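If you want the building blocks of each chain, they are given just below.
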Amino acid sequence: MAISPIRAQGIQRMDSLNLPMATGAVPASLSLETSSSTKAPQGFDLLGLSPELLNALQGLGFTNPTAVQAKAITLAMPPKDVGQTTDLLVSSQTGSGKTVAFLLPVLHRMLLARQQKAAEEASEWARKLEQAQAEGVAPPKKPRRKNPTDPRHIKPAQPTALVLCPTRELAQQVAKDAIDLVRHCKGLRVACVVGGMPYPLQLARLHQADLVVATPGRLLDLQRAKQLHLNKINHLVVDEADRMLDLGFAEDLADIHALTETRQQTLMFSATIAPRIQQLATRIMRSPQRVQIEPTQAQKGHIQQILFWADHPRHKRQLLDHWLRETQIDQAIVFASTQIECDELAVDLQQAGFSAVALHGALSQGLRNRRLQALRDGRVQILVATDVAARGIDVPTITHVFNFGLPMKQEDYVHRIGRTGRAGRAGLAVTFAEWRDRRKILDIEHYIKEPLKAEVIPGLEPVQRPTARPPRHDTRRKPSGGKGFAGARRGHGFKASART
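Residues numbered from 1 in each chain as written. Predicted model: local features only at pLDDT ≥ 70, side-chain atom pairs only at ≥ 80, totals over all residues. Heavy atoms only, no water.

Draft legend 1. Quick peek at the overall build of the protein chain. Scanning the protein chain from N- to C-terminus turns up 16 helices and 16 strands. Considering the protein chain as a whole, with its 500 residues, one finds that 49% of them fall into the buried category. Long-range pairs, those at least 24 residues apart, make up 75% of the contacts in the protein chain between residues at least 6 apart in sequence. For the protein chain, the computed accessible surface area is about 24700 Å², with 51% contributed by carbon and sulfur atoms. (Helix = DSSP H or I, 4+ residues; strand = E, 2+ residues; numbered from the N terminus. Buried < 20%, exposed > 50% of the residue type's maximum accessible area, 1.4 Å probe, protein only. Contact = heavy atoms within 4.5 Å. Areas by Shrake-Rupley, 256 points an atom, 1.4 Å probe, with all protein chains shown as cover.)

The following block contains the structure:
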């Protein structure tokens, strides 16, 4: 049985979500159990989605929404009696199904708008026929359909929905998921616009596109070249907003906001609602409603996290080699800190007999796509990557994630380990750290609000072992002549021990 490309779907009961009564919402007391005479509707059926989307979800094997999907879809769906819209600022952990959470309400609104337009056109055509009959003249003929492949008929794209993603890999994954969801939506076209791809190919895909998934840079390039107009955008989605700001897209977001000011709805999804995300929301959203989904203990337990201390880089390499030879590994991602380290580590693993390839931002987009496809097809067992792969890679056969190099930011650690343990599956995240990295480890533990369990491998124990965890850095000024930070941390380092 083929595995669906939209894999980050947890299974939850709708009656456990405690949602308030609203249009498309489900009362908490409603039971989803199947009676002996009639079968109760599944979770997605109760959200008021279009039949075309429900058929696509059924074909993909999804029945019940996750917590973030149930809340976001319920709030983002249009009320039946009024034409109001709601801007949403959503925070949820990686792997919780955020992509479907924003695609479904946007696609549903697009289908409603298309149906309304078709009804208006049919009514106008019927009026013309009645008028011709009343005047006793020949009925009008419908205009001939123009050849869409004729260059003379190709016009700049005017999409009605736009999804912005920080990385190319994430944009391609979101576009692939959207294509799967519109498989039963006649005439609804999805296009992906990212850097590193040939312009003629993307222009051909943009033709008559209704939903565009893009990275900000290439999107603005096409807009400035007048190959894409954004004045018809009704729905704007900013996915992974925190990463968008990390990569320096703040000015591009401001430009896109100005070009789409007439839009009806803005949805912003982020791993955390940090102050900078709130400031961005204030600038580009209208009184957004916040949705914050905290992971349950069961969701946290899907990924086991362990830590191994190493004396030096060569020791880390020995620990990694030991782990990669475990027979329980199906596929794995090894994260490196820099592009140079990524390439060198991939070459070392290849020479050691592993099926490994490197993935980082300096590679051409075509090569990145081929290597990712090789990983999905199972032709590559180990992907050595920088944080460019921390978001947007959704391969269910990834059983292990190794942090060979620590991330620059604590939130990137969460996104890294989220590449395994998808959709409730079990996963293992292994982190290798040297004594000089102890401060970063403390910051990560503080961010995830739980300690990393330190373990050792017999025969590969570190010569230097931590006797106690060093204190967090105290930013308060020390009195003159007193013990400074260096003196305060004495006795919290490592002590020498012999290898066994």
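The rest of the description comes next.
Draft legend 2. Broad picture of the side chain of Q265. With respect to the secondary-structure elements, Q265 resides in strand 6 (residues 265–270). Classification of Q265 by relative accessible area gives buried; the value is 1%. Among the polar contacts listed, one links the side chain of Q265 to the backbone oxygen of A76, at a separation of 3.3 Å. When residues no more than four places from it in sequence are discounted, the contact partners of Q265 are A76, T85, T86, D87, R109, N234, H235, L236 and R286. (Polar contact = N/O pair within 3.5 Å; in protein donor to acceptor, adjacent residues only side chain to side chain.)

Draft legend 3. Structural view of the sheet that holds strand 8 (residues 303–310). In spatial order, the strands read 10-11-9-12-13-8-14; together these seven strands make up an open sheet with parallel pairing. Since the sheet does not close on itself, it has two edges, and those belong to strand 10 (356–359) and strand 14 (453–454), each with one partner. Pairing between strand 10 and strand 11 (residues 382–385): four bridges, direction parallel. Note that in strand 11 the partner of A358 across the bridge is V384. On top of the sheet, helix 12 (residues 339–351) reaches strand 9 (331–335), strand 10 and strand 11; it is set at about 175° to strand 10, its chief contact. On top of the sheet, helix 13 (residues 365–377) reaches strand 9, strand 10, strand 11 and strand 12 (398–403); it is set at about 140° to strand 10, its chief contact. (Pairing = 2+ DSSP bridges. Axes fitted to C-alpha atoms, helices over the stretch in contact; angles between N-to-C directions.)

Draft legend 4. Here's a closer look at the pairing of strand 5 (residues 235–238). Side chains of strand 5 alternate between two faces, with H235 and V237 and L236 and V238 buried alike. Pairing of strand 2 (residues 161–164) with strand 5, which is carried by four bridges, proceeds in the parallel orientation. Note that in strand 5 the partner of V163 across the bridge is V237. Where strand 5 and strand 6 come together, four bridges link them in parallel fashion. Its bridge partner being in strand 6, H235 is matched across the sheet by Q265.

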